[in-house]
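# Coordinate analysis (summary)
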Amino acid sequence: MANLTTRFFGLELKSPVIVGSSGLTSSVEKIKTYEENGAGAVVLKSIFEEEIYFEYEAETNKQDLGYHNLEYLDYFDYEIKNDKIKQALELIQKSKQAGVSIPIVASINCHSGSEWVFFAKKLEEAGADAIELNFFVLPSDAELEAAKIKDYYFKIIGKVLMDVTIPVTIKLSPYFSDLARMVKELSETRMAGITLFNRFFNIDIDLDKKELVAANVLSHPFEYLQALRWIGIMSGRVDCGLAASTGIHDHNTALKMFMAGANAVQVVSGIYKHGAGFIKELVKGIETWMDKNGYQNMDELTGQANLQKVKNPSWYERVQFMKHFGEFDGE
Ligand SMILES: Cc1cc2nc3c(=O)[nH]c(=O)nc-3n(C[C@H](O)[C@H](O)[C@H](O)COP(=O)(O)O)c2cc1C
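Residues numbered from 1 in each chain as written. Predicted model: local features only at pLDDT ≥ 70, side-chain atom pairs only at ≥ 80, totals over all residues. Heavy atoms only, no water.

## Points about the overall build of the protein
- Along the protein, the regular secondary structure elements total 11 helices and 13 strands.
- Going through the 331 residues of the protein one by one, you find that 47% of them count as buried.
- Excluding contacts between residues fewer than 6 apart, the proportion of contacts in the protein whose partners are at least 24 apart in sequence is 69%.
- Per element, the accessible surface of the protein, about 17200 Å² overall, is 52% carbon and sulfur. (Helix = DSSP H or I, 4+ residues; strand = E, 2+ residues; numbered from the N terminus. Buried < 20%, exposed > 50% of the residue type's maximum accessible area, 1.4 Å probe, protein only. Contact = heavy atoms within 4.5 Å. Areas by Shrake-Rupley, 256 points an atom, 1.4 Å probe, with all protein chains shown as cover.)

The structure is reproduced here in structure tokens:
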């Protein structure tokens, strides 16, 4: 039987299937079930600084405190922030007491510079095995230069890496004008892993109401292609582990991600759709395929079809259809 042990989050994982950050990992029972079904690690729902502010606003309205009141700062700092941390701490500690042995990774999403470090340190103290930074600046400000956004990333990351001793990884968006360089430079920090890519909340338009509505929350199976291309391009060129996220709905897609160079896959929509048994199916499918194709371990498989190894590497960088599809008739 193929050995599925791999490394990501700077840790040894007994399986390359990770339950991605979402409400899926909100209870001890669910985390236990994922481990029983073969998950190699779980990532907790991100602690969102923005959400804490909203909570603060709701509370202060109730208590009739002024927004700029000094009590705001006290309340925000000591009550709401600590409450979120307390919840994460309880979840991590209770899961470990319940016998969960796979790594439990905390995730943070912050806006301000200082809060990233505050949350990261607290989560480390809470017993998280690693921290995933859910870091995204939507480049929607037409006045903001790409270089400034990049500086912001590296400033924050530098601070977190300096203050935290457990492994830190980052889940990135594809929205960088110099994506390959960004991934490479990030891997040259003390970053323990990079996940490509996060999938965000999307908006759509309701034609009847002429209003914005939330688009599909769950991914579709065809959405894996962007991550596949970029994992393949970056594999072998980075100094840390790579994980794939978005659109992994079956074991074949997971195997393609490993072939492209992912050390692990993060799955969310598949579990929302099919339950924890989805993880078991995935693991079984990966194992069976590896056995059938003579792969004994993940090292033999990882990166075998990356840009440096495939016969037609230029396909990784081909984006225009050009003459190859000139005769395409829709079939
Ligand atoms: C309901 C829901 C909640 C999510 N919450 C978070 C979150 O808190 N932090 C985060 O980094 N990603 C979050 N994600 C993104 C997922 O971790 C994942 O990157 C994305 O869903 C793509 O993977 P999938 O195609 O397997 O769903 C969430 C996704 C869903 C569907």
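Picking up after the structure, the text goes on.
## A closer look at the site of the ligand
- The ligand sits among 19 residues. The nearest are Ser21, Ser46, Lys171, Ser219 and Ser269.
- Contact between the ligand and serine 46: a nitrogen atom at 2.6 Å from a side-chain N or O atom of the residue.
- Residue valine 268 places a main-chain N or O atom 2.9 Å away from an oxygen atom belonging to the ligand.
- When isolated, the ligand has an accessible area of 600 Å², and the protein chains bury 89% of it.
- Looking at the shell around the ligand, its residues break down into 6 nonpolar, 10 polar and 3 charged. (Near = heavy atom within 4 Å. Polar contact = N/O pair within 3.5 Å; in protein donor to acceptor, adjacent residues only side chain to side chain. Nonpolar A, V, L, I, M, F, W, Y, C, P; charged D, E, K, R; others polar.)

## Looking at the packing of helix α7 (residues 225–234) against helix α8 (residues 251–260)
- Two elements in contact, α7 and α8, have axes separated by 8 Å at closest approach and are oriented at 25 degrees. Classified by the angle their axes make, α7 and α8 are roughly parallel. The residues of α8 that touch α7, namely those facing Ala227, Leu228, Ile231 and Gly232, are Lys256, Met257 and Ala260. (Axes fitted to C-alpha atoms, helices over the stretch in contact; angles between N-to-C directions. Parallel < 35°, antiparallel > 145°, perpendicular 65-115°, else oblique.)

## Notes on the environment of lysine 121
- Tracing the sequence through the fold places lysine 121 in helix α4 (residues 113–125).
- For lysine 121, a relative accessible area of 34% translates into the label partly exposed.
- Placed 42 residues apart in sequence, lysine 121 and aspartate 163 show a C-alpha to C-alpha distance of 7.0 Å.
- Ignoring any residue separated from it by four or fewer positions in sequence, one finds lysine 121 in contact with Asp163 and Val164.

## A closer look at the nonpolar core
- Membership of the largest hydrophobic core comes to 85 residues, with the highest contact counts inside it found for Ile108, Leu133, Ile170 and Ile194.
- Beyond its immediate stretch of four places on either side in the chain, isoleucine 170 contacts Leu133, Phe135, Tyr153, Ile157, Leu186, Met191, Gly193, Ile194 and Thr195.
- Formed by 10 residues, the second largest nonpolar core is a distinct cluster that contains Phe8, Val43, Ala243 and Ala264. (Core = buried A, V, L, I, M, F, W, Y, C linked by side-chain atoms within 4.5 Å.)

## Some remarks on the side chain of serine 22
- You can see serine 22 is positioned in the loop between β3 (17–19) and α1 (28–36).
- For serine 22, a relative accessible area of 6% gives the class buried.
- Those residues within four positions of serine 22 in sequence are excluded, and the remaining contacts are Val43, Leu44, Lys45, Val268 and Tyr272.

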